[in-house]
Amino acid sequence: MAVSQTDASDVLDRILTLELARVTERAAVSAARLRGRGDEKAADQAAVDAMRRELNQLPIDGTVVIGEGERDEAPMLYIGEKVGTKAGPKVDIALDPLEGTTICAKNMPNSIAVIALAPEGGLLNAPDSYMSKIAVGPGYPQGTIDLDDPIEVNLERVAKAKGVAVSDVTVCVLDRPRHAKLIDDIRATGASIYLIGDGDVAGIIHTTNPDETGIDLYVGTGGAPEGVLAAAALRCIGGQMQGRLVITREEQVERAGRMGIDDIHRKYTLEEMAGGDVYFAATGVTDGNFLRGVKLGRNHITTHTVVMRSTTGTVRFIEAQHHQLEKFHLD
């Protein structure tokens, strides 16, 4: 029986979904071997090396738009780097081989290896600056959150849409001095706060399953590249998110201009940060609310990965036992 072009494309898409899991699995295992060692740079480099090797085996013509930095700052997986076999579709790639380097170095919760892929032009080419963000998971009416509204107004709308009191809403916030007033304002409403030390990609993803994570809303200022990665996840799972770049220095304005951003005050929607058919994958490095960390056994390695695709709305959790340990060794 002949296979149509559409069926063949669908098969390729399914293969690519699973291949992305392998990319984050390799990075996560490499980083996990350095958990708790106190060496952030070594753990990050191990994850970068592993992810780059796996990416270059994928049947894509990929360009890194969110990476480890610009070419003169990062020897591998830099912004603009070409990856893949080139025998496939042109795609944009956003990645963080080790989100939460400090978390990993201290062996604390919620460090992950993460990657997102979209058609060429689908991902916001965000500069390495801060971004003000607000996000909720699926199931809320459009317009439930707005970055320009006071936090108490956003909390009231979330609580009303959820059918609970504001005191029953939990907000995830990065534990930073810059958020002192925000934290005070949230507590003044009676809402609960879940503070995280690092890893706001994971923090935003936690809003997608509040029954499991206990987190309803994410708000605060974190990295712009991480904002794009989180937006990719929300596009797949469902949810709402808005972001605005926080640019205060002239060199940041110039860098944003080189990346095609002419309005640094623009409020980005979820679809503007991650558009088209988006793929997303993340593997736990350390145990967390959403993903379990890598287990390094004597005879096998266990990984826990989530893989998503926006077009189908499919979310797959993959718990894998790897018995051929040599595949995780870099050449």
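Residues numbered from 1 in each chain as written. Predicted model: local features only at pLDDT ≥ 70, side-chain atom pairs only at ≥ 80, totals over all residues. Heavy atoms only, no water.

Bringing the confidence of the model for the protein chain into the picture now. The predicted model of the protein chain averages 90 in pLDDT, with 93% of residues at 70 or higher. In the model, residues 1-9 has pLDDT below 50 throughout and makes 1 contact with residues more than four positions away in sequence or in other chains. (pLDDT = per-residue confidence, 0-100. Contact = heavy atoms within 4.5 Å.)

With that settled, the discussion passes to the packing of aromatic side chains. Overall, the coordinates contain 1 aromatic pair when judged by the stated rule. The lysine or arginine in question, Arg178, covers the ring of Tyr130, its NZ or CZ lying 4.5 Å from the ring centre. (Phe/Tyr/Trp six-rings, centres within 6.5 Å; stacked < 30°, edge-to-face > 60°. Lys NZ or Arg CZ within 6 Å of the ring centre and 35° of its normal.)

Along any regular strand the residues' side chains alternate between the sheet's two faces. The buried fraction of strand β8 (residues 217-223) amounts to 7 of the 7 residues, a majority that puts the element mostly inside the structure. Of the strand pairs in this sheet, strand β5 (residues 130-136) and β8 are connected by 7 bridges, and their pairing is antiparallel. Following the sheet pairing, Met131 is matched in β8 by Gly222. For strand β6 (residues 170-174) and β8, the ladder comprises 2 bridges, and the chain directions are parallel. Residue Val171 lies in a different strand from β8, and its bridge partner there is Leu217. (Buried < 20%, exposed > 50% of the residue type's maximum accessible area, 1.4 Å probe, protein only. Helix = DSSP H or I, 4+ residues; strand = E, 2+ residues; numbered from the N terminus. Pairing = 2+ DSSP bridges.)

Moving on: helix α5 (residues 180-188). Working note: α-helix, 3.6 residues per turn, so residues spaced by three or four point in the same direction. Those residues of α5 that fall on the buried side of the exposure criterion are Leu182, Ile183 and Ile186. Viewed along the axis of α5, the buried residues span an arc of 100 degrees, placing them on a single side of the element. The exposed residues of α5 that point more than 90 degrees off its buried face are Lys181 and Ala188. Of the surrounding elements, those touching the buried residues of α5 are α4 (151-162), β6, β7 (192-196) and β8. Just past α5, the residue Gly190 takes up positive phi, approximately 95 degrees. (Arc of directions from axis to C-beta.)

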